[in-house]
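Okay, here's what each chain looks like letter by letter:
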Amino acid sequence: MKKVWIALVAMVGLTAAPSFGAVSPLKCLVGTDPSVAGDVAQIIAVRNMIDASCICSSFDGTAGKKHANYVKCAADIITAQAAVPPGNLRSQCKGTVKKFYAQSTCGLNPA
């Protein structure tokens, strides 16, 4: 009986331990939590704003219109939207969206 009790206490302790630790942030686009449910719509809205403000074809690789300038243009919008109160881009999605634009070809010289 003593061994069973020790095993039970150990199991409860192991399963309960994570709940006493730090709360892990909900990742962007991952899980079923209600706060994650709006990620796709938020990302689409931010991408539409970026497409309207940072027109890819206007970044042709010349001075001031290089890839880094395009990424900065997009990052400024992403950061602004992550700072705006509820209904906009969650802070956990900032990096996800920035990565889309960092990997784009906008502002690269085709030659």
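Our structure is the block above this text.
Residues numbered from 1 in each chain as written. Predicted model: local features only at pLDDT ≥ 70, side-chain atom pairs only at ≥ 80, totals over all residues. Heavy atoms only, no water.

Observations concerning helix 4 (residues 67-83)
Since the α-helix advances by 3.6 residues per turn, residues separated by three or four positions end up pointing in the same direction. Look at helix 4: 24 Å from first C-alpha to last across 17 residues, which is about the 24 Å you get at 1.5 Å a residue. Those residues of helix 4 that fall on the buried side of the exposure criterion are His-67, Tyr-70, Ala-74, Ala-75, Ile-77, Ile-78, Gln-81 and Ala-82. The arc that holds every buried residue of helix 4, seen down its axis, measures 165 degrees, which confines them to one face. Facing away from the buried side of helix 4, by more than 90 degrees, are the exposed residues Ala-68, Lys-72 and Ala-83. Contacts made by the buried residues of helix 4 are with helix 3 (39-53) and helix 5 (94-102). (Helix = DSSP H or I, 4+ residues; strand = E, 2+ residues; numbered from the N terminus. Expected span 1.5 Å × (residues − 1). Buried < 20%, exposed > 50% of the residue type's maximum accessible area, 1.4 Å probe, protein only. Arc of directions from axis to C-beta. Contact = heavy atoms within 4.5 Å.)

Some words on the nonpolar core
Within soluble globular proteins, side chains that are nonpolar tend to cluster in buried spots. Ranked by size, the top nonpolar core spans 15 residues in total, and within it Val-46, Ile-50, Tyr-70, Ile-78, Leu-89, Val-97 and Tyr-101 carry the most contacts. Of all the secondary-structure elements, those providing two or more residues to this core are helix 3, helix 4 and helix 5. When residues of this core are assigned to their parent elements, the largest contribution, 4 residues, is made by helix 4. In this structure, Leu-89 is in contact with Gln-42, Ile-43, Val-46, Ile-78, Gln-81, Ala-82, Lys-94 and Val-97, ignoring residues within four places of it in sequence. (Core = buried A, V, L, I, M, F, W, Y, C linked by side-chain atoms within 4.5 Å.)

Section: the pattern of salt bridges
For the coordinates displayed, the defined rule picks out 2 salt bridges. Between Lys-72 and Asp-76 there is a salt bridge, with the nearest N and O atoms lying 3.0 Å from each other. Of this pair, Lys-72 and Asp-76 both sit in helix 4, 4 residues apart, which is roughly one turn of the helix. Exposure remark for Lys-72: the relative accessible area of 51% places this residue in the exposed category. (Salt bridge = Lys/Arg side-chain N within 4 Å of Asp/Glu carboxyl O.)

Considering the packing of helix 4 against helix 5
Two elements in contact, helix 4 and helix 5, have axes whose closest approach is 9 Å; the angle formed by their N-to-C orientations is 160 degrees. Classed by the angle they form, the pair helix 4 and helix 5 counts as roughly antiparallel. As for the relative orientation of helix 4 and helix 5, their crossing is right-handed in sense. Contacts from His-67, Tyr-70, Val-71, Ala-74, Ala-75, Ile-78, Thr-79 and Ala-82 of helix 4 reach helix 5 at Lys-94, Val-97, Lys-98, Tyr-101 and Ala-102. Grouping the amino acids of the contact of helix 4 with helix 5 by side-chain chemistry returns 9 nonpolar, 2 polar and 2 charged. (Axes fitted to C-alpha atoms, helices over the stretch in contact; angles between N-to-C directions. Parallel < 35°, antiparallel > 145°, perpendicular 65-115°, else oblique. Left-handed = near helix turned anticlockwise from the far one by under 90°. Nonpolar A, V, L, I, M, F, W, Y, C, P; charged D, E, K, R; others polar.)

Keep in mind these values describe shape, not function.
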